[in-house]
Amino acid sequence: MTYTCTDFTDSILGALNVDVPHEDSDSPSAQADLALAEIERLQKRDAQLSLLETPPASRLERVRLAAQLIRTARNHLRIADANNAADYVARALKSVEGAERHARGLETRTNPPARD
């Protein structure tokens, strides 16, 4: 059995669950761009999930993670056109940003910057 370039491309696109628009069906370059975009999206998502799997080491890192998750939630609510809910989440984000500033201040006081 031979494995052609087209078979290879089709296998990759299938594994990534990428639907190729009809206008790109004869364009290997466009298909490669679609595959790369999906791989980059999956890598970004994997990096985000790894943040949740690894417990943050410091209070500041925990607060930063919480802020990032709240920002993500707010953005998804805006995309879903749930603006009232997004506004409530934005208010919560302001509180978390205040906690982040406080944690950063605590960390600075307990670990002063090294002087040259």
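Refer to the preceding data block for the structure.
Bear in mind the structure is a predicted one, so any value in this text is a computation, not a measurement.

K.L.:
So what's going on with the packing of helix α3 (residues 59–79) against helix α4 (residues 83–110)? Residues and values would help.
P.N.:
Between α3 and α4, whose axes approach to 9 Å, the crossing angle comes to 165°. Judged by the angle between their axes, α3 and α4 are roughly antiparallel. Of the two possible hands of crossing, α3 and α4 adopt the one that is left-handed. Of the residues that constitute the contact of α3 with α4, the class distribution is 15 nonpolar, two polar and 10 charged.

K.L.:
If you had to explain the side chain of Q31 to someone new, which residues and values would you point to?
P.N.:
Tracing the chain through its elements places Q31 in helix α2 (residues 28–53). On the accessibility criterion, Q31 (11% relative accessible area) is buried. Reaching out from Q31, the side chain makes a polar contact with the backbone oxygen of D24 at a distance of 3.1 Å. Beyond its immediate stretch of four places on either side in the chain, Q31 contacts T9, L13, V20, D24, S25 and D26.

K.L.:
Can you break down the nonpolar core residue by residue, with the values?
P.N.:
The biggest cluster of nonpolar side chains holds six residues, and these are L60, V63, A67, L93, V96 and A103. In this view, A67 contacts L93, V96 and E100; residues no more than four positions away in its chain are not counted.

K.L.:
Account for the environment of P55, with residues named and values stated.
P.N.:
Mapping P55 onto the fold places it in the loop between α2 and α3. Accessibility expressed as a relative area gives 64% for P55, which makes it exposed. Taking C-alpha positions, P55 is 9.8 Å from L65, a pair spaced 10 residues apart along the chain.

K.L.:
Explain a nonpolar patch on the surface to me, and be specific about the residues and the numbers.
P.N.:
Residues Y3, F8 and I12 make up a contiguous nonpolar surface patch of roughly 300 Å² in combined accessible area. Mapped onto the elements of the fold, Y3 is located in the segment before α1 (5–15). Under the relative-accessibility criterion, Y3 is labelled partly exposed at 49%.

Cut-offs applied
Residues numbered from 1 in each chain as written. Predicted model: local features only at pLDDT ≥ 70, side-chain atom pairs only at ≥ 80, totals over all residues. Heavy atoms only, no water. Axes fitted to C-alpha atoms, helices over the stretch in contact; angles between N-to-C directions. Helix = DSSP H or I, 4+ residues; strand = E, 2+ residues; numbered from the N terminus. Parallel < 35°, antiparallel > 145°, perpendicular 65-115°, else oblique. Left-handed = near helix turned anticlockwise from the far one by under 90°. Nonpolar A, V, L, I, M, F, W, Y, C, P; charged D, E, K, R; others polar. Buried < 20%, exposed > 50% of the residue type's maximum accessible area, 1.4 Å probe, protein only. Polar contact = N/O pair within 3.5 Å; in protein donor to acceptor, adjacent residues only side chain to side chain. Contact = heavy atoms within 4.5 Å. Core = buried A, V, L, I, M, F, W, Y, C linked by side-chain atoms within 4.5 Å. Patch = residues over 30% accessible without salt bridge, like charges linked within 9 Å, V, L, I, M, F, W, Y side chains within 5 Å. Areas by Shrake-Rupley, 256 points an atom, 1.4 Å probe, with all protein chains shown as cover. Salt bridge = Lys/Arg side-chain N within 4 Å of Asp/Glu carboxyl O.

By themselves these figures say nothing about function.
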